[in-house]
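Now for the letters of each chain:
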Amino acid sequence: MQDHIDTRIRAFIEPRFPGRSWTDDDDIFALGFVDSMFAMEVVMFVERTFAVTVPNDELHMDNFRSVRSMAALVRRVSAGPQPGAVPA
């Protein structure tokens, strides 16, 4: 499942930056790939593509810095609340 999530996220981001070389661990903010409008597009893409809702407490840059961090967010949010977790 991880490869599928990573692949779909990469497929969304990669065409917007043709000719640029980067890895799934690279910080797309630091590389200058992301502005505020694109950041919102990424959040909407993640929610729509993976049928999840990103909770407000997960809407921080660290969850969207790389393909891997976004994939980890999708897996975490898809799993739902953890036993013993206190709702925000």
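The chain has the name Acyl carrier protein in an unreviewed UniProt entry, where Streptosporangium album is given as its organism.

Attention shifts here to the nonpolar core. One finds Ile 9, Ile 13, Val 46, Phe 50 and Phe 64 to be the most contacted residues of the largest nonpolar core, which totals 24 residues. Counting residues per element, the ones that place at least two in this core are helix H1 (2-13), helix H2 (36-50) and helix H3 (67-79). Excluding residues within four positions of it along the chain, Phe 50 makes contact with Ile 5, Arg 8, Ile 9, Phe 45 and Val 74.

Below, the discussion takes up the packing of aromatic side chains. Inspection of every chain in the model, using the stated rule, returns four aromatic pairs. With centroids separated by 5.9 Å and ring planes inclined at 10 degrees, the aromatic side chains of Phe 12 and Phe 38 adopt a geometry described as stacked. Separated by 26 residues along the polypeptide, Phe 12 in helix H1 and Phe 38 in helix H2 bring together distant segments of the chain. Per residue, the accessibility class of Phe 12 equals that of Phe 38, and both read buried. Residues Phe 17 and Phe 38 carry aromatic rings whose centres are separated by 5.6 Å and whose planes lie at 90 degrees to one another, so their mutual orientation is edge-to-face. Of this pair, Phe 17 sits in the loop between H1 and H2 while Phe 38 is found in helix H2, placing the two residues 21 residues apart along the sequence. Here the two residues Phe 17 and Phe 38 agree in accessibility, since each one is buried. Taken together, the ring pairs connect Phe 12, Phe 17, Phe 38, Phe 45 and Phe 50 into an aromatic cluster. One cation-aromatic arrangement involves Arg 16 over Phe 12; the distance from NZ or CZ to the ring centre is 3.9 Å.

About the criteria used
Residues numbered from 1 in each chain as written. Predicted model: local features only at pLDDT ≥ 70, side-chain atom pairs only at ≥ 80, totals over all residues. Heavy atoms only, no water. Core = buried A, V, L, I, M, F, W, Y, C linked by side-chain atoms within 4.5 Å. Buried < 20%, exposed > 50% of the residue type's maximum accessible area, 1.4 Å probe, protein only. Helix = DSSP H or I, 4+ residues; strand = E, 2+ residues; numbered from the N terminus. Contact = heavy atoms within 4.5 Å. Phe/Tyr/Trp six-rings, centres within 6.5 Å; stacked < 30°, edge-to-face > 60°. Lys NZ or Arg CZ within 6 Å of the ring centre and 35° of its normal.

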